[in-house]
There are 2 protein chains.
Amino acid sequence: MNDISIAVDAMGGDNAPRAICEGTLAALREMNDIRVTLCGREAEIRPFFEGADDIKDRLTILDAPDVISMHDAPMLAVRRKTESSMVKAMLEVKEGRCQAFVSAGSTGAVLAGGILRVGRIRGIERPALAPVLPGRKKPFLLIDSGANVDCRAEYLNQFGLMGTIYMEKIIGTKEPKAGLVNIGTEAEKGCQMVKDAYQLMSAQSVYRFYGNLEARDVPLGEADVAVCDGFVGNVILKYTEGLAGTLTGMLKDTIMESGLRGKLGGLLLKPALRVFKSKMSYEEHGGAPLLGVNAAMVKAHGSSSALAFKNAIRQARLMVETDVTGTIRRELEKLAPAESAE
Amino acid sequence: MNDISIAVDAMGGDNAPRAICEGTLAALREMNDIRVTLCGREAEIRPFFEGADDIKDRLTILDAPDVISMHDAPMLAVRRKTESSMVKAMLEVKEGRCQAFVSAGSTGAVLAGGILRVGRIRGIERPALAPVLPGRKKPFLLIDSGANVDCRAEYLNQFGLMGTIYMEKIIGTKEPKAGLVNIGTEAEKGCQMVKDAYQLMSAQSVYRFYGNLEARDVPLGEADVAVCDGFVGNVILKYTEGLAGTLTGMLKDTIMESGLRGKLGGLLLKPALRVFKSKMSYEEHGGAPLLGVNAAMVKAHGSSSALAFKNAIRQARLMVETDVTGTIRRELEKLAPAESAE
């Protein structure tokens, strides 16, 4: 079996390059069938691999003097900063030297580069960001979580297809179903674009359609894939963050106001609460895949630790191994033969 | 001072007519400056007021043999079911015999009737549902929470105005600010409609504009009013319900799996958790006002208890007393003089 080659942007994210380099080192040690091309400022990166002779032959460091920051305008940066770590890593993929790409850098730049530098799958109108979130019953995929704020019904239909393929291949969900996030379960519910998406999604038979998915059932994981436009998806994603913090804070306030008994209870519960917090954490899940582009691309969380980044590399590796991209390409033709043959 | 007259739909909601009648009785006893016209099946309603001689002179029972159910198509029902408790209560308002309307019945029918039977304020393009939700720092108003799934930027600007007036008058918030729910804080963020709304909202000076409000800051109560279209608002509202349940459930699971120590902690915390649950409860807040119609209208929660319904009546009473409708009418002229003079 050939090694799986992964291009890593060493300079993206709050904890770069340390967390990225440490995560990469851990990944190389844990998965002996991967090769990594690490792009970034060589002088800053090299020291983290001092003495790592065991993985030396599977690591290539590619010097990239420039960095795309959170303040750069994404499209412009991806076009102009050709010497940046992110663009260099993307070109490794585009030009066939690597099969996957991982970055904890600017989401906007990853999206822009996915389209401009790596390229869309023929027939996919809009690639989408699709993180897996912890649900009450089981994890679920949220697609699109912010890549496309203005959507057409056709995009949502494609999101449904890509999302179910990902859940089946990467999470191992059996017969995953894609639900359309809506304000009611009846077919005639929702704004016009969502109504149109309902028609398209219920008319196809390439993937399993759950039907309309009420927002209150999204966090249960009732449907394995929650399909929505990037505006609604981003609101859901960010709101979850905010609400989890708010609920925990309000709970803490209540405990502090509840006298000795409550405080003792809170103290005893501390370890359980820590377990709970880690259940809710993104670290275990790696990053969000960008689906619909011509290679496995993973956007790791900006605040990724070394552990989280290692898991993002594992995820990219698995996307290559299970051929998520090729499967999307093939299934897409069944979804809309005319369109994908454009 | 003259009494405040309130038309109540006795037959709406899961617990009708019992909870509605008991709530009405409690309201009449607690607020001696209100009169209630209770619309519904007289034979079913009358027994709940057996022996209530103390409030008899402030209660009128108006027989309405028909009921609008959750299964009725809202527009059609409001047009045709003229003998229903909801339409009869609306006509009390429309024809000037009552100043306010309260129902725990079908949301769609309340909305349809608000427009068809009660009427919009001149210049308001779309009335909006606007519940007050508990936030980390302070409560906040969510407008629109589901009345209008397809919105134009102008509607959102009007929502901002109506929401701040409500928060100032009814909740007593000093100098309330309205934020535009968005996926980032920068002016150029969001889908096209939201970008346009940002321009309108930042250009006016009739109410205080907070700027873009990131979804993660919504539950903090950072802005007193969270403005969005009814699709996004309904997703937020329902998702909150679902996530609160999911988080509580996951916490419970974690406690049960955490051995004796965690279980003891959970047991000791029970009273505190009960306080927490009631903090999150809608009961205390009454119902959601329908803003932008020509009278005080309150949509109580479908599962309203007698207590919740009493609070919804209190809320309607306060809306009349503080003249929310008149204030919206006057301020609206400053917001868009040309438009409101149509």
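Residues numbered from 1 in each chain as written. Chains lettered and ligands numbered in written order. Predicted model: local features only at pLDDT ≥ 70, side-chain atom pairs only at ≥ 80, totals over all residues. Heavy atoms only, no water.

Participant: I tried to follow the overall build of chain A on my own but got confused; where do I start?
Facilitator: Per the secondary structure count, chain A includes 12 helices and 12 strands. Since a compact globule built from 342 residues should have a radius of gyration of about 20 Å, the 21 Å found for chain A is in line with a globular shape. Taken over 342 residues, chain A has a buried fraction of 58%. A separation threshold of at least 6 residues defines the contact pool for chain A, and within that pool the share at least 24 residues apart is 71%. Surface exposure of chain A reaches about 14000 Å², of which carbon and sulfur atoms provide 50%. For chain A, the centre of its 43 positive side-chain charges and the centre of its 43 negative side-chain charges are spaced 3 Å apart. (Helix = DSSP H or I, 4+ residues; strand = E, 2+ residues; numbered from the N terminus. Rg over C-alpha atoms; globule rule 2.2 N^0.38 Å. Buried < 20%, exposed > 50% of the residue type's maximum accessible area, 1.4 Å probe, protein only. Contact = heavy atoms within 4.5 Å. Areas by Shrake-Rupley, 256 points an atom, 1.4 Å probe, with all protein chains shown as cover. Lys, Arg positive; Asp, Glu negative; His and termini not counted. Charge placed at Lys NZ, Arg CZ, Asp CG, Glu CD.)

Participant: What should I look at first to understand helix α6 (residues 153-171) of chain B in this one?
Facilitator: Given 3.6 residues per helical turn, the α-helix brings residues three or four places apart onto the same face. All names here are of chain B. Between the first and last C-alpha of α6 there are 26 Å, a value that for 19 residues agrees with the 27 Å anticipated at 1.5 Å per step. Within α6, 15 of the 19 residues are buried, leaving the element largely enclosed by the surrounding structure. A positive backbone phi angle near 80° is found at G172, which sits one or two residues after α6. (Expected span 1.5 Å × (residues − 1).)

Participant: I'm lost on the relation of the copies chain B and chain A in this one. Help?
Facilitator: Copies of the same chain, two in number, are related to each other by a rotation about an axis and a translation along it. With an RMSD of 0.0 Å, the operation that places chain B on chain A is a rotation of 180° combined with a shift of 0.0 Å along the axis. Expressed as a symmetry operation, the mapping of one chain copy onto the other fits a two-fold axis. Considering only C-alpha atoms, the residue of chain B closest to the rotation axis is G265 of chain B, which sits at 2.0 Å. A shared interface surface links the copies, since 100% of the contact residues of chain B are contact residues in chain A too. (Least-squares fit on C-alpha atoms with pLDDT ≥ 70 in both.)

Participant: Whenever I open this one, the interface of chain B and chain A confuses me. Can you help?
Facilitator: Many descriptions give the size of an interface as the accessible area lost when the pieces come together. Facing the 54 residues of chain B at the interface are 55 residues of chain A. For the interface between chain B and chain A, the tally reads four salt bridges. One salt bridge connects E214 of chain A with K238 of chain B, and the closest N-O pair in it is separated by 3.2 Å. Counting across the chain B and chain A interface gives eight residue pairs in polar contact (both at pLDDT 80 or more). Those elements that provide at least two residues to the side of chain B that touches chain A are β8 (177-182), α7 (192-203), α8 (230-256) and α9 (259-280) of chain B. (Salt bridge = Lys/Arg side-chain N within 4 Å of Asp/Glu carboxyl O. Polar contact = N/O pair within 3.5 Å; in protein donor to acceptor, adjacent residues only side chain to side chain.)

Participant: It is not clear to me how the sheet that holds strand β2 (residues 34-40) of chain A should be interpreted in this structure. Could you clarify?
Facilitator: Picture the strands of a sheet paired through backbone hydrogen bonds; they go either parallel or antiparallel. Residue and element names in this part refer to chain A. Strand order in the open sheet formed by seven strands is β3-β2-β1-β4-β12-β11-β5, with mixed pairing between adjacent strands. Looking at the sheet topology across the chains shown, the edges are occupied by β3 (59-63) and β5 (128-129). As paired strands, strand β1 (residues 4-9) and β2 are joined by six bridges and run parallel to one another. Pairing of V8 across the sheet is with L38, part of β2. Lying on the sheet, helix α4 (residues 85-94) is in contact with β1, β2, β3, β4 (100-103) and β12 (296-300); it crosses β1 at an angle near 160°. Those strands touched by helix α5 (residues 107-118) are β4, β5, β11 (287-291) and β12, and its axis lies near 165° from that of β12. (Pairing = 2+ DSSP bridges. Axes fitted to C-alpha atoms, helices over the stretch in contact; angles between N-to-C directions.)

Participant: What exactly am I supposed to notice about the sheet that holds strand β7 (residues 140-143) of chain B here?
Facilitator: All names here are of chain B. One open sheet holds the five strands; their spatial order is β6-β7-β10-β8-β9, and the pairing between them is mixed. Sheet topology places β6 (132-133) and β9 (208-214) at the edges, where each strand pairs with a single neighbour. Taken together, the three bridges between β7 and strand β10 (residues 225-227) define a ladder with parallel strand orientation. Bridging from a neighbouring strand, I143 pairs with V227 of β10.

Participant: Explain the state of the cysteines here, please?
Facilitator: Chemically, a disulfide is nothing more than a covalent bond linking the sulfur atoms of two cysteines. This model, assessed by the stated rule, comprises zero disulfides over all chains. Here C151 of chain A is not cross-linked by a disulfide; its sulfur's nearest cysteine counterpart is in C228 of chain A, at 8.5 Å. By relative accessible area, which is 14% here, C151 of chain A ends up buried. The closest cysteine sulfur to the non-disulfide-bonded C191 of chain B is located on C151 of chain A, 9.7 Å from its own sulfur. We classify C191 of chain B as buried; its relative accessible area is 11%. (Disulfide = S-S within 2.5 Å.)

Participant: Help me understand the packing of helix α8 (residues 230-256) of chain A against α8 of chain B in this model?
Facilitator: Helix packing for two helices is described by the angle between their axes and how far apart those axes are. Following both chains from N to C, one finds α8 of chain A and α8 of chain B inclined at 45°, their axes separated by 10 Å at the closest point. Put simply, α8 of chain A runs oblique to α8 of chain B. The handedness of the crossing between α8 of chain A and α8 of chain B is right-handed. Here α8 of chain A contributes F231, V232, V235, I236, Y239, T240, L243, A244, L247 and L251 of chain A to the contact with α8 of chain B, which in turn contributes F231, V232, V235, I236, Y239, T240, L243, A244, L247 and L251 of chain B. (Parallel < 35°, antiparallel > 145°, perpendicular 65-115°, else oblique. Left-handed = near helix turned anticlockwise from the far one by under 90°.)

Participant: Can you help me understand the pattern of salt bridges in this one?
Facilitator: Pairing of side chains with opposite charge becomes possible as their charged atoms draw close. Under the defined criterion, the tally for this structure stands at 48 salt bridges over all chains. With a shortest N-O distance of 2.7 Å, R29 of chain A and D54 of chain A are connected by a salt bridge. Placement of R29 of chain A in helix α1 (residues 18-30) and of D54 of chain A in the loop between α2 (42-45) and β3 is noted, with a sequence separation of 25 residues between them. Through salt bridges with shared partners, one network takes in E214 and R216 of chain A together with K238 and E241 of chain B.

Participant: Would you mind going over the environment of E22 of chain A with me for this structure?
Facilitator: Assignment of secondary structure puts E22 of chain A in helix α1. Sequence-wise, E22 of chain A and F48 of chain A are 26 residues apart; in three dimensions their C-alpha atoms are separated by 7.0 Å.

Participant: What exactly am I supposed to notice about the confidence of the model for chain A here?
Facilitator: Residues shown with low pLDDT carry predicted positions that ought not to be read at fine detail. All names here are of chain A. Within chain A, residue pLDDT values average 91, and 95% of them lie at 70 or more. This model gives residues 338-342 a pLDDT under 50, and the stretch forms nine contacts once residues within four places in sequence are excluded. Interface predicted TM-score (ipTM) for the complex: 0.85; the corresponding pTM is 0.88. (pLDDT = per-residue confidence, 0-100.)

Participant: When you look at a positive patch on the surface in this model, what are you seeing that I'm missing?
Facilitator: On the surface, K252, K270 and R274 of chain A together with R261 of chain B cluster together to form a positively charged patch. Within the element layout of this structure, R261 of chain B appears in helix α9. Given the relative accessible area of 45%, R261 of chain B is considered partly exposed. (Patch = residues over 30% accessible without salt bridge, like charges linked within 9 Å, V, L, I, M, F, W, Y side chains within 5 Å.)

Participant: Even after reading the chapter, I still don't get helix α1 (residues 18-30) of chain B, so can you show me in this structure?
Facilitator: Residues and elements named next belong to chain B. A rise of 1.5 Å per residue sets the reference length of α1, with its 13 residues, at 18 Å; its end C-alpha atoms lie 18 Å apart and thus fit the reference within 8%. Among the residues making up α1, those that are buried are A19, I20, C21, G23, T24, L25, A27 and L28. Those residues of α1 hidden inside the fold are in contact with β1 (4-9), β2 (34-40), α2 (42-45), β3 (59-63) and α10 (306-321).

Participant: Just checking my understanding: could you explain the environment of G292 of chain A for this structure?
Facilitator: All names here are of chain A. With respect to the element layout, G292 can be found in the loop between β11 and β12. When its relative accessible area of 2% is taken as the criterion, G292 is described as buried. When neighbours within four sequence positions are excluded, G292 is seen to be in contact with R120, I121, I124, P127, M162 and I328.

Participant: Would you explain the pairing of strand β9 (residues 208-214) of chain A in this entry?
Facilitator: Each regular strand carries side chains that alternate between the two faces of the sheet. All names here are of chain A. Judged from the six bridges that link them, strand β8 (residues 177-182) and β9 form a sheet pairing that is parallel. When the bridges of β9 are listed, A178 appears paired with F209. Of the crossover connections in this fold, the one passing from β8 over helix α7 (residues 192-203) to the parallel β9 is right-handed. (Right-handed = clockwise from strand over helix to strand, strands pointing away.)

Participant: When you look at the packing of aromatic side chains in this model, what are you seeing that I'm missing?
Facilitator: The geometry of an aromatic ring pair comes down to the distance between the two centres and the angle between the two planes. All names here are of chain A. All chains considered together, the criterion is met by two aromatic pairs over all chains. On the basis of an interplanar angle of 70° and a centroid distance of 5.4 Å, the ring pair of Y198 and F209 is categorised as edge-to-face. Here Y198 is found in helix α7, whereas its partner F209 is found in strand β9, with 11 residues between them in sequence. (Phe/Tyr/Trp six-rings, centres within 6.5 Å; stacked < 30°, edge-to-face > 60°.)

Participant: Looking at this model, I keep getting lost on the side chain of T240 of chain A. Mind explaining?
Facilitator: Mapped onto the fold, T240 of chain A is located in helix α8. Given the relative accessible area of 11%, T240 of chain A is considered buried. In terms of polar contacts, T240 of chain A uses its side chain to reach the backbone carbonyl oxygen of I236 of chain A, at 2.5 Å. Residues within four places of T240 of chain A in sequence aside, it is in contact with Y239 and L243 of chain B.

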